[in-house]
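An overview of the molecular structure
Spelled out, the chains give:
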Amino acid sequence: MNIIGPDTLVFGVDDVAACARYLEDYGLKPIGAGAAGGRFEALDGTGIVIAHKDDPALAPSMGTASMLRKTIYGVTDAVALQQIAAELEKDRPVTRLADGSIEAQDDMGFVLGFQVSVRRPLDLPAEAINAPGAAPQRAPNVVAVDEDAVALPRSLSHVVYFVPDAARAEAFYVERLGFACTDRLLGAGPFLRPAATQDHHTLFLIQTPPFMKGCEHFTFHMGGPTEVMLAGTRFVNKGYQSFWGPGRHKMGSNWFWYFNSPLGCHVE
């Protein structure tokens, strides 16, 4: 099944104003956002939607402290959308929404949406580096670090779930939705990648007690480690609390910097 990855994460939050300010300071662009919440987008159109936790339009809470209400996956085309609907309808309700997307729950009770992806193509340079023994990527006198450079989130990368049964959760995504396990963190759970992306993972599952079920963190791709450092430093300077990092993961090889957030989860 040609699932690309998460297009949108939907949260029902306690403090809409604080979450909106956080997402804007993180670098996402508000789209039709106001006092009741709204959408906050990365450069490719993927993003985060927030609303007050009592908004009746939201999917139901999972009954834990998690504020995540829905993960909406982008797929390549309408054919993939129909394939997913046909597969999931074998054993669970699938709702067809007015916008053309479909909605169902996974085996852990997470609400999932699927839509033809909203992602816009990006044509942006990656970070260029020079190192002894390798052909130079950056010409002489080209500034490597500009403290005033723009460093904005490019694309929604992945989401991490706390789940009470990682094996069962993994089986659902692998056997029903065509995800593949790319790595496994012993004592925690699998890194999972859907068929229509080459990213290391778009979903990571961590085994936890049932009362912790929900979103541990989400993250957006940046243009390279320098952008991670620039954006993270600016975030700290705005008063946000660093949780872990900066550093680099062994699995996936990605640079990271985690922060606490008012969305009930960490943000990387």
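The structure reproduced in this document is the subject of the present report. In this numbering scheme, every chain counts its residues from 1 along its sequence in written order. Local features are withheld for residues below a pLDDT of 70 in this predicted model, meaning they are given only at 70 or higher, and side-chain atom pairs are given and counted only at 80 or more; totals for whole chains, interfaces and linings count all residues. Side-chain measures were taken over the full set of non-hydrogen atoms in the model, leaving aside hydrogen atoms and water.

**Description of the layout of surface pockets**
Just so we agree on the cut-off: Cavities and pockets were defined on a 1 Å grid built over protein atoms only: a cavity is a set of grid points that admits a 1.4 Å probe from which the probe cannot escape, a pocket is an open set flanked by protein on both sides within 12 Å along at least five of seven lines, and lining residues are those with an atom within 4 Å of any such point. Grid points are joined across faces, edges and corners, and a volume is the space filled by probe spheres set on the points. Segments assigned H or I by DSSP are reported as helices when at least four residues long, segments assigned E as strands when at least two residues long, and all are numbered from the N terminus. Three classes are used, and their members are as follows: Ala, Val, Leu, Ile, Met, Phe, Trp, Tyr, Cys and Pro are nonpolar, Asp, Glu, Lys and Arg are charged, and the others, Gly among them, are polar.
Considering only enclosed or pocket space, the largest pocket measures out at about 690 Å³ in volume. Listed by contribution, the elements that provide at least two residues to the lining of the largest pocket are α1 (16–26), β9 (155–163), β13 (214–221), α4 (225–237) and β15 (255–259). Residue contributions to the lining of the largest pocket peak at six residues, all from α4. Considered class by class, the residues forming the lining of the largest pocket number 14 nonpolar, 13 polar and six charged.

**A few points about empty space enclosed by the protein**
Tallied over the full model, the rule gives one cavity of 30 Å³ or more. Looking at the largest cavity, its volume works out to about 40 Å³. As for the largest cavity, its lining consists of Pro60, Met62, Leu68, Arg69, Lys70, Thr71, Phe110 and Val111. Per element, the largest residue contribution to the lining of the largest cavity is four residues, and it comes from strand β5 (residues 68–75). Of the residues contributing to the lining of the largest cavity, the split by class is five nonpolar, one polar and two charged.

**A closer look at the nonpolar core**
What counts, and what does not: Here, the term nonpolar core denotes a set of buried Ala, Val, Leu, Ile, Met, Phe, Trp, Tyr and Cys residues that are joined through side-chain atoms within 4.5 Å. Whether a residue is buried, partly exposed or exposed follows from its accessible area with a 1.4 Å probe, protein chains only, as a fraction of its type maximum: under 20%, in between, or over 50%, in that order. We call two residues in contact when some of their heavy atoms are within 4.5 Å.
Within the largest apolar cluster, 56 residues are counted, with the highest numbers of intra-cluster contacts made by Phe11, Ile48, Ile50, Phe114, Tyr161, Tyr173 and Leu177. Considering each element in turn, this core owes the most residues, six residues, to α1. Those residues in contact with Phe114 that sit more than four places away from it in its chain are Ile3, Tyr73, Val75, Leu81, Ile84, Leu88, Ser101, Ile102 and Leu177. Ranked by size, the runner-up nonpolar core spans six residues in total, among them Val160, Phe162, Phe204 and Ile206.

**Details of the environment of Gln137**
Here Gln137 lies in the loop between β8 (111–116) and β9. Taking the C-alpha atoms as reference points, Gln137 and Glu127, ten residues apart in sequence, are found 9.1 Å from one another. The residues contacting Gln137, other than those within four sequence positions of it, are Glu127, Ala128, Ile129 and Asn130.

**Here's the deal with the environment of Asn2**
One can find Asn2 in the segment before β1 (3–13). On the basis of relative accessible area, Asn2 is assigned to the partly exposed category, the value being 36%. In sequence terms Asn2 and Gly187 are 185 residues apart; their C-alpha atoms lie 30 Å from each other. Apart from residues lying up to four places away in sequence, Asn2 is in contact with Val75, Thr76, Ala80, Ala195 and Ala196.

**Quick word on the pattern of salt bridges**
Short version of the rule: Whenever a carboxyl oxygen of Asp or Glu lies within 4 Å of a side-chain nitrogen of Lys or Arg, that contact is scored as a salt bridge.
On inspection of all chains with the given rule, the structure shows 16 salt bridges. The salt bridge involving Arg176 is made with Asp91; its shortest N-O contact spans 2.8 Å. Of the two residues, Arg176 sits in helix α3 (residues 166–177) while Asp91 sits in the loop between α2 (78–88) and β6 (95–96), which places them 85 residues apart along the sequence. For Asp91, a relative accessible area of 47% translates into the label partly exposed. With a closest N to O distance of 4.0 Å, Asp107 and Arg168 form a salt bridge. With Asp107 in the loop between β7 (102–105) and β8 and Arg168 in helix α3, this residue pair connects regions lying 61 residues apart in the sequence. Within the structure, one salt-bridge network assembled from shared partners comprises Glu87, Lys90, Asp91, Arg92, Asp107, Arg168 and Arg176.

**Section: the sheet that holds β5**
Within a sheet, adjacent strands bond to each other through the backbone by hydrogen bonds, running parallel or antiparallel. Which entries qualify depends on this criterion: Two strands qualify as a pair provided DSSP detects at least 2 bridges between them. Simply put, an axis is a line fit to the C-alpha atoms, just over the touching stretch for a helix, and the angle between two N-to-C directions goes from 0 to 180 degrees.
The mixed open sheet is built from eight strands, whose spatial order is β2-β3-β4-β1-β5-β8-β7-β6. Either end of the sheet is taken by a strand with one partner, and the two such strands are β2 (29–34) and β6. When β7 meets β8, the two strands line up antiparallel, connected through four bridges. When the sheet's bridge partners are listed, Ala104 is paired in β8 with Leu112. Across the sheet, α1 lies against β1, β2, β3 (37–41) and β4 (47–52), angled at about 165° from β4, the strand it touches most. Taken strand by strand, α3 contacts β1, β5, β7 and β8, and its axis lies near 30° from that of β8.

**Thoughts on α2**
We count it as follows: Within this analysis, the arc is defined by the directions that extend from the helix axis to the C-beta atoms. Identification of polar contacts relies on pairs of N or O atoms within 3.5 Å, with a donor-acceptor requirement for protein atoms, meaning one able to donate a hydrogen and the other able to accept it, and with residues adjacent in sequence counted only if both atoms are side-chain atoms.
Residues of α2 that are buried include every one of Ala80, Leu81, Ile84, Ala85, Glu87 and Leu88, and no others. Angularly, the buried residues of α2 cover 165° about the axis, an arc narrow enough to put them on a single face. The opening residue of α2 is Asp77, an N-cap whose side-chain oxygen sits 3.3 Å from the backbone nitrogen of Val79.

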